[in-house]
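# Chains, contacts and geometry: an overview
Here is how the chains run, residue by residue.
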Amino acid sequence: QVQLVESGGGLVQPGDSLRLSCAASGGTFGYTYVGWFRQAPGKEREFVSTMRWNGGNTYYADSVKGRFTMSRDRAKTTVFLQLNSLKPEDTAVYFCAAGQAILSSSTQTTSYTNWGQGTQVTVSS
């Protein structure tokens, strides 16, 4: 079973950038997609971005498209989320997740079985 650990969150001002990391251990074999989700206080967890572990296209929520970039290292052990032009509404706990999703369901939390503990991102002036 893969274990996921996020890092890189923090308190920033509007317009600033952050880079989140998700370190995977225990093997990623059998997991098709890795995704980023976020959850703001009092709200449901929502999709941010996803990609196949073996590479290919990356998909983003409309709310972050053009501002966030998801990537993965060549060893496929670390996944990154670059957050640019941050807005107060981006404030949330950001989670990394792995699952055996298919493309049509890769934006749904229920398609992911393994989750990290989350990292807090706070955007405030």
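Before any of the text, the structure's been laid out above.
Presented here is a report on the structure given in the accompanying data block.

Reading the values: the criteria
Residues numbered from 1 in each chain as written. Predicted model: local features only at pLDDT ≥ 70, side-chain atom pairs only at ≥ 80, totals over all residues. Heavy atoms only, no water. Salt bridge = Lys/Arg side-chain N within 4 Å of Asp/Glu carboxyl O. Buried < 20%, exposed > 50% of the residue type's maximum accessible area, 1.4 Å probe, protein only. Pairing = 2+ DSSP bridges. Helix = DSSP H or I, 4+ residues; strand = E, 2+ residues; numbered from the N terminus. Axes fitted to C-alpha atoms, helices over the stretch in contact; angles between N-to-C directions. Disulfide = S-S within 2.5 Å.

Taken as a whole and assessed by the stated rule, the structure comprises four salt bridges. The shortest N-O distance in the salt bridge between Glu46 and Arg38 comes to 2.6 Å. A relative accessible area of 36% means that Glu46 is categorised as partly exposed. A salt bridge links Asp90 to Arg67; its shortest N-O distance comes to 2.8 Å.

This next bit is on the sheet that holds strand β8 (residues 78-83). Spatially, the four strands line up as an open sheet ordered β1-β3-β8-β7, and their pairing is antiparallel. Each edge of the open sheet carries a strand with a single partner, namely β1 (3-7) and β7 (68-72). Geometrically, the sheet is characterised by an average inter-axis angle of 15 degrees between neighbouring strands, direction not taken into account. Of the strand pairs in this sheet, strand β3 (residues 18-25) and β8 are connected by six bridges, and their pairing is antiparallel. Across the sheet, residue Cys22 finds its bridge partner in β8, namely Val79.

To continue, consider the pairing of β8. For β8, the tally of buried residues reaches five of six residues, placing the bulk of the element in the interior. Bridge analysis of β7 against β8 gives five bridges, and the strand direction is antiparallel. Among the inter-strand pairings, Phe68 is bridged to a residue of β8, identified as Leu83. Where β7 folds back on β8, the antiparallel hairpin that results is connected by five residues, among which Lys76 adopts a positive phi of roughly 60 degrees.

All right, on to the state of the cysteines then. Enumeration according to the criterion identifies one disulfide in this entry. Covalently, Cys22 is tied to Cys96 through a disulfide, its sulfur atoms 2.1 Å apart. Taking the sign of the torsion about the S-S bond as the criterion, the disulfide between Cys22 and Cys96, at about -75 degrees, is left-handed. Separated by 74 residues along the polypeptide, Cys22 in strand β3 and Cys96 in strand β9 (residues 92-99) bring together distant segments of the chain. With respect to class, Cys22 is no different from Cys96; both count as buried.

Moving on to the pairing of β3. In terms of strand pairing, β1 meets β3 through five bridges, oriented antiparallel. Looking at the pairing, Ser7 lines up with Ser21 of β3.

Quick look at unusual backbone geometry now. Within the chain, Ser85 stands out as a residue other than glycine whose phi angle is a positive 50 degrees. Within the secondary structure, Ser85 is located in the loop between β8 and β9.

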